[in-house]
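What follows is the residue order along each chain.
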Amino acid sequence: MISRRRLLSAGAATALLAACGSNTGRGGGGQALRQWYHAYGEPGVQQAVERYAKSYIAPVEVQWNPGDYDSKLATSLLSGTGPDVFESTLQVSAVRSGQIVPLDDVISAAKDDFTASILAGHTVDGHVYGVPQAVDMQMLFYRKSMLEKAGVQPPSTVDELVDAARKLTTGGVKGLFAGNDGGVEVLGGPALWSAGLDYVTPDHKVGFDDPAASSALAKLRQLYEGGSLLLGSVKDWAEPDAFTQGLVAMQWTGLWTVPAVQKALGDDFGVLPWPKLNAAGRPSVPVGAYGSMVNAKSPRVNDAKDFVRWLWVEQTDYQEDFNLSYGFHIPPRKSLSEKADKLKSGAAADAVKFVRDNAKPSNPPDWTSAMRTSFKDAVARIVRDGANPDQELKTVVSKVNDELKRIYG
Amino acid sequence: MRHARAFWLFVGPFALGLAVFVYLPIGWSVLLSFFDARNTVTPSTFVGFDNYADMLTDGPFLRSLGTFSLFALFVVPLTFVLSLALALLVNGIRFMRAFFRSVFFLPFACSYVVASLVWKLSIFNGVRFGLANTVLAWFGADPVAWTVSTSPPWYWLVLVTLRLWLQLGFYLLLFIAGLQRIPQVLYEAAWVDGARPGWQTLRFITLPQLRTTSVAVLLLLLIGAYQAFDEFYNVLGNGPFGRPPLVYLYYTALGSGGQDFGHGTAGAVILSLLIAGVTLAQGRVFTR
């Protein structure tokens, strides 16, 4: 009871405070533009983005958001209290419900410089809604010495990979770690791409209504069933620990682990894209990028767009600093990724090459949350429970068809 | 007059808080469930019962309702019997009663998230140096991926032990309170009438006297079973195995870009009706 009263009085107090403090915008330009970031893990990023904002001609107030950023952002955009400028991945639902504005005119000057597959992740109906900030990608890490010892070549097809994982499983070492769920979360996409399929086709049809999808997912089941996957590890796929501690010979993880892996293993590792399954398929790496977007409900859409153009299109030195000085990302712009010294050798250079040649958007804008849940459920049942892939995929295809019909008519 | 003013002075703020923070959201949810509400909480497209029809034919949602009805069927009697047995034991000892009461109650004060992580990462992790797997290794068994394996579904062992550890203390406390309210004279009278302490007094005095407590405990347990969320969400994530209805609805309406409030709230209303139905039926059976 007391807490509720406290809450009420606290609410009244904040309202008063807010009333006092609402007009503190620097200079005569009125209120500052509000910009949101999620909390990057690497030290220094927060200071960096605040520094960028400070050097802009108009006042910009940067808010750093630890915790569940996506939910917080979604709620604030709904309630109309959201920031003017924010970073996010693109969902077609945000476009359809008019939450964000197209940024074609913002990006036009440098559009060709952005890696096409990255930009595709921020494009709906031919319009760009987010200016990519930094690229993250996933790939296959392997321990050179372990492969040599087992007489295994770095795999170039899925069958070779399954075979290698089996041969590399000895004693306390497992062949491959792709997440504690057996790869359900991260390998569904690569499995489709390995057979030349995709989530959704460019003409808005289901991209995996094909018998090859069943055989691609059956390979994941084969990996799981063969006992060569590490399961139930303390850290999940996004952390390099299982790989650096020698629990596995290969691990599917992200570019961001390269510094940690280098520190632990030196030169004793290499990276690969997820290999192809058959002649129709191609090797692939999933890529994703947060893009800078503008809130359609902002009272100052044009000012916000100007700021996005200034920071994420014009200020290439800031973009370079943001991508390369703190964590380990690839700049989304070819002109920057090509000249970066840090990306010229070793695993990083390979990663740049994969992004150029093999990139697939890890979560395309029209791959909705409902489709994702349905697809992952099916993959989980196929991989972990041995369910029949044909039947499981039939359910997903009809679900995805319904969703696509709803979106595109 | 003075009375009325005092009444509203005391009750008003709380009634207002309740209305604004509890009843309004509930009412709004029911309203949303009749609209196509994607990425908006002020929708304009009325769809009647379409959302309900969708949810009632939605495979994963129905499966999760089924799974958790089954879960309730197992976990409710188990928690009930164990907490009652513990309460009888703790109440029966003559010394250090407060100590044991606190020891068993302590886990209830532990955060569900923290406990989930301890269970998932230390006790039941899948590598050979996890606690459970170390014990298995003593007997020469291979490590088990506890939270991953679906045949046999070991994740139920993880979640049921976790839930028991977290919740037993609370129901233990309710039962102890109930036990202490039973007048001692009843036992003395029974003793005079020749009833032997033990099974006979338990069966004919203790259990009947605990009737109101038992009904309350059963009610709370049933609602709790259907509302399971935290430990499942933290141990299993969003997979098709052992997914509670609330986790599914969370991903429909809120988590990671779902924002489909129409279907989410329709599912929530269906779940509420189911809980209400089951508890009413349960009340019928036990208060007759």
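Residues numbered from 1 in each chain as written. Chains lettered and ligands numbered in written order. Predicted model: local features only at pLDDT ≥ 70, side-chain atom pairs only at ≥ 80, totals over all residues. Heavy atoms only, no water.

**Topic: the layout of surface pockets**
One water molecule sets the probe size; rolling that probe over the atoms shows where empty space is left. Applicable threshold: Using a grid of 1 Å spacing that covers the protein atoms alone, one calls a set of points a cavity when a 1.4 Å probe fits there but cannot get out, and a pocket when the set is open and has protein on both sides within 12 Å along at least five of seven lines; lining residues are those with an atom within 4 Å of a point. Grid points are joined across faces, edges and corners, and a volume is the space filled by probe spheres set on the points. Counting from the N terminus, the helices are the DSSP runs of H or I reaching at least four residues and the strands are the DSSP runs of E reaching at least two. Nonpolar residues are Ala, Val, Leu, Ile, Met, Phe, Trp, Tyr, Cys and Pro. Charged residues are Asp, Glu, Lys and Arg, and all others, Gly as well, are polar. Segment limits for the domains were obtained from an automatic or database-derived domain assignment.
The space that makes up the second largest pocket amounts to roughly 980 Å³. Secondary-structure elements contributing two or more residues to the lining of the second largest pocket are helix H4 (92-96), helix H17 (369-385) and helix H18 (389-408) of chain A together with helix H2 (50-56), helix H3 (59-92) and helix H12 (245-253) of chain B. Top contributing element to the lining of the second largest pocket by residue count: H18 of chain A, with nine residues. When the residues that make up the lining of the second largest pocket are grouped by side-chain class, the tally is nine nonpolar, 17 polar and 14 charged. Here the lining of the second largest pocket spans two domains, and each of domain 1 (30-136 + 288-361) and domain 2 (138-286 + 365-408) of chain A adds at least three residues to it.

**As for the nonpolar core**
What counts, and what does not: Think of a nonpolar core as a cluster: buried Ala, Val, Leu, Ile, Met, Phe, Trp, Tyr and Cys residues, connected wherever their side-chain atoms sit within 4.5 Å. A 1.4 Å probe rolled over the protein chains alone gives each residue an accessible area, and that area as a share of the maximum for its type sets the label: buried under 20%, exposed over 50%, partly exposed in between. Whether two residues touch is decided by their heavy atoms; if any such pair falls within 4.5 Å, the residues are in contact.
Counting residues in each nonpolar core, the largest one holds 158 residues, and the members touching the most others are Val-131, Phe-208, Met-250 and Phe-375 of chain A. Aside from chain neighbours lying at most four places away, what touches Met-250 of chain A is Leu-140, Phe-141, Tyr-142, Leu-147, Leu-161, Ala-164, Ala-165, Leu-168, Gly-175, Leu-176, Phe-177 and Phe-243 of chain A.

**Re the domain arrangement of chain A**
Residues and elements named next belong to chain A. Heads up, the condition is: Put simply, buried area is the surface a 1.4 Å probe can reach on two separate parts but cannot reach once they are joined, added for both. Salt-bridge detection follows one rule: a side-chain nitrogen of Lys or Arg within 4 Å of a carboxyl oxygen of Asp or Glu.
Partitioning chain A into structural domains gives domain 1 (30-136 + 288-361) and domain 2 (138-286 + 365-408). Facing 25 residues of domain 1, the contacting portion of domain 2 comprises 25 residues. Counting each side, the surface lost to burial between domain 1 and domain 2 is near 1900 Å², with a carbon and sulfur contribution of 65%. Of all residues in domain 1, the largest losses of buried area upon contact with domain 2 belong to Phe-328, Phe-354 and Lys-360, amounting jointly to 32% of the total for that side. For the pair domain 1 and domain 2, the interface holds one salt bridge.

**Topic: helix H5 (residues 112-123) of chain B**
Residues and elements named next belong to chain B. Worth spelling out the cut-off: By construction, the arc corresponds to the directions joining the helix axis to the C-beta atoms. Polar contact is the term for a pair of N or O atoms within 3.5 Å; when the atoms are in protein, one must be able to donate a hydrogen and the other to accept it, and sequence-neighboring residues count only if both atoms are side-chain atoms.
Taken residue by residue, H5 has Ala-115, Ser-116, Trp-119 and Ile-123 as its buried positions. Taken down its axis, H5 places every buried residue within 110° of arc, on the same side. Turning to H5, the residues buried within the fold contact helix H6 (131-138), helix H7 (155-180) and helix H11 (230-236). Between a side-chain oxygen at the N-terminus of H5 and the backbone nitrogen of Val-113 the separation is 3.1 Å; the capping residue is Ser-111.

**Describing the pairing of strand E2 (residues 60-65) of chain A**
Selection rule: When DSSP finds two or more bridges between a pair of strands, those strands are recorded as paired.
Inspection of the sheet shows strand E1 (residues 33-38) of chain A paired to E2 of chain A by six bridges, in the parallel sense. Looking across to E2 of chain A, one finds that Tyr-37 of chain A is bridged to Trp-64 of chain A.

**What to know about the interface of chain B and chain A**
Counting from both sides, the interface comprises 37 residues of chain B and, opposite them, 35 residues of chain A. Summing both partners gives a buried area of about 2800 Å² for chain B against chain A, and 56% of it is carried by carbon and sulfur. On the chain B side of the contact with chain A, Phe-14, Asn-39 and Val-148 of chain B bury the most area, a combined 22% of that side's loss. Taken together, chain B and chain A are joined by two salt bridges. Asp-377 of chain A is paired through a salt bridge with Arg-243 of chain B; the nearest N and O atoms lie 2.4 Å apart. The tally of links between chain B and chain A comes to six residue pairs in polar contact (both at pLDDT 80 or more). Elements with a minimum of two residues in the side of chain B that touches chain A: helix H1 (2-32), H3 and H12 of chain B. If one sorts the elements of the side of chain B that touches chain A by residue count, H1 of chain B sits on top with five residues. A per-class count over the side of chain B that touches chain A returns 18 nonpolar, 14 polar and five charged.

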